[in-house]
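Residues per chain are reported as follows:
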Amino acid sequence: MTTWPALPLADWRDTLATLHMWTQVVGKTRLALAPMENHWWQCTLYVTERGLTTMPMPAGSHLLTVDFDFTDHLLVLRTADGARRQFPLAPRSVAQFYAQYIEAQRELGFAPRILARPVEVEPSIPFAEDEAHVAYDREAARRWWRALIQVDRVFKRFRSSFTGKQSPAHFFWGSFDLAVTRFSGRTAPRHPGGAPNCPDYVMVEAYSHECSSAGFWPGGGAVEEAAFYAYAYPEPEGYAGHPVRPAAAAYHAKAREFILPYEAVRTAADPDATLLEFLQSTYEAASSLGRWDRAALERRP
């Protein structure tokens, strides 16, 4: 398998839809247990050497960690007391996954209260009723995770040249993307909200401060292929027409983001350099046009 695996959306669209719902089930546990952080950073997942993790989540004096293992294809729940439960990642409905996950939590002594339906998607089928999403292709899931490993690595390298406030490289289960965000240090106009099946206050908190954000998602909606994206909030005047690199990148008017196809990175002579060029040039567009104090926020990597 190549370092940057192929990710044609048509080959795993159904598995992607099911995985999206499974990550929402687990992500909502983190949202329920972890203390609030700015921009909802407490609820994200993180890339590991085997898949995705919640990191340790506190419930009183106890800790729970939940991991998606895309090597052995397991969902693993572990506590600080050494207790463990696991079950296979295999073709099954979201309703079945949810029921088994809740039971595993209960056996470990955890019962977080969550809103048991997905956000940022249409339609929003309650987890306990979702018999529509049932696909799980092991190799497709593994290819996606191996792509995340490479993207996560480059995102972390990109973070090294910024000294201002910035997010970790983290996975948002609502939108199913790995993202990294830089901030100017100034507050932003109130976000209008409007994400499907998501209260407006969620986006208001997420975009409370000026930012330049970039990320990776496997495709769907306005962009029917795996792609990297970059956007600024608020979008400064001239942003859409600002030149960015590499040549394969372009502003997508419907998405209101710069888009670089994953395939253009995967097949480049130097994928790391190609992705870093996109990340840096789109950040420069946002920070220069937005009149950020770049001298105070940047350093040589």
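Bear in mind that the values here come from a model prediction, so they are computed numbers and not experimental data. (Residues numbered from 1 in each chain as written. Predicted model: local features only at pLDDT ≥ 70, side-chain atom pairs only at ≥ 80, totals over all residues. Heavy atoms only, no water.)

1. Digging into the domain arrangement of the protein chain
Then step 1. Here the domain parsing of the protein chain yields domain 1 (9–108) and domain 2 (140–296).
Then step 2. Each of domain 1 and domain 2 was reduced to a C-alpha centroid, and the two centroids are 24 Å apart.
Then step 3. Contact residues are listed per partner, giving 30 residues for domain 1 and 33 residues for domain 2.
Then step 4. In terms of surface lost to domain 2, no three residues of domain 1 exceed H39, W41 and V47, which account for 25% of the buried area on that side.
Then step 5. Viewed at the interface, domain 2 and domain 1 are joined by 1 salt bridge. (Domains from an automatic or database assignment. Contact = heavy atoms within 4.5 Å. Buried area = accessible area lost by both parts, 1.4 Å probe. Salt bridge = Lys/Arg side-chain N within 4 Å of Asp/Glu carboxyl O.)

2. A closer look at helix α2 (residues 94–107)
Then step 1. Counted at 1.5 Å a residue, the expected span for α2 with its 14 residues is 20 Å, and the 20 Å between its end C-alpha atoms agrees.
Then step 2. Its buried side turned inward, α2 meets α1 (13–33), β4 (62–69), β5 (74–79) and β6 (84–88).
Then step 3. Of the residues trailing α2, G109 is marked for its positive phi of about 90°. (Helix = DSSP H or I, 4+ residues; strand = E, 2+ residues; numbered from the N terminus. Expected span 1.5 Å × (residues − 1).)

3. Quick notes on the side chain of Q150
Then step 1. Tracing the chain through its elements places Q150 in helix α3 (residues 138–159).
Then step 2. In this view, Q150 contacts T3 and W4; residues no more than four positions away in its chain are not counted.

4. Section: the pattern of salt bridges
Then step 1. Using the criterion set out here, one finds 14 salt bridges in the structure.
Then step 2. Note that D69 and R50 form a salt bridge whose closest N and O atoms lie 2.8 Å from each other. Of this pair, D69 sits in strand β4 while R50 sits in the loop between β1 (46–47) and β2 (51–53), and the two are 19 residues apart along the sequence.
Then step 3. Note that R50 is salt-bridged to D72, the shortest N-O span being 2.7 Å. Linking R50 in the loop between β1 and β2 with D72 in the loop between β4 and β5, this pair joins segments that are 22 residues apart in sequence.
Then step 4. For R50, a relative accessible area of 30% corresponds to the partly exposed category. (Buried < 20%, exposed > 50% of the residue type's maximum accessible area, 1.4 Å probe, protein only.)

5. Describing unusual backbone geometry
Then step 1. A cis amide bond links E122 to the next residue, P123, at an omega of -5°.
Then step 2. Within the fold, P123 resides in the loop between α2 and α3.
Then step 3. For the peptide bond that leads from R245 to P246, omega is 0°, which places it in the cis range.
Then step 4. Look at W40: it is not a glycine, yet its phi comes out positive at around 65°.
Then step 5. Summarising the element assignment, W40 is placed in the loop between α1 and β1.
Then step 6. On the basis of relative accessible area, W40 is assigned to the buried category, the value being 17%.
Then step 7. One non-glycine residue, M55, adopts positive backbone phi at about 70°.
Then step 8. Structurally, M55 can be placed in the loop between β2 and β3 (57–59).

6. Some remarks on the packing of α3 against helix α6 (residues 271–289)
Then step 1. Contact geometry for α3 and α6: axes closest at 10 Å, N-to-C directions at 45°. Looking at the two axes, α3 sits oblique to α6. Where α3 crosses over α6, the handedness of that crossing is right-handed. Along its contact with α3, which presents R153, V154, F155, R157 and F158, the element α6 presents D272, L275, L276, L279, Q280 and Y283.
Then step 2. Residue composition of the contact of α3 with α6, by class: 7 nonpolar, 1 polar and 3 charged. (Axes fitted to C-alpha atoms, helices over the stretch in contact; angles between N-to-C directions. Parallel < 35°, antiparallel > 145°, perpendicular 65-115°, else oblique. Left-handed = near helix turned anticlockwise from the far one by under 90°. Nonpolar A, V, L, I, M, F, W, Y, C, P; charged D, E, K, R; others polar.)

7. Side note on α6
Then step 1. Counted at 1.5 Å a residue, the expected span for α6 with its 19 residues is 27 Å, and the 27 Å between its end C-alpha atoms agrees.
Then step 2. One or two steps after α6, the chain reaches R291, where phi turns positive at roughly 55°.

8. Here we look at the sheet that holds strand β8 (residues 177–187)
Then step 1. Read from one edge of the open sheet, 6 strands run β7-β8-β9-β10-β12-β11, paired in antiparallel fashion. Strand pairing shows two members of the sheet lacking a second neighbour, β7 (170–172) and β11 (250–252), which therefore form its edges. Sheet twist, expressed as the average angle between the axes of neighbouring strands with direction ignored, equals 35°.
Then step 2. Here β7 pairs with β8 via 3 bridges, running antiparallel. Bridged to F172 within β8 is D177.
Then step 3. Lying on the sheet, α6 is in contact with β8, β9 (209–217), β10 (227–233) and β12 (257–261); it crosses β10 at an angle near 15°. (Pairing = 2+ DSSP bridges.)

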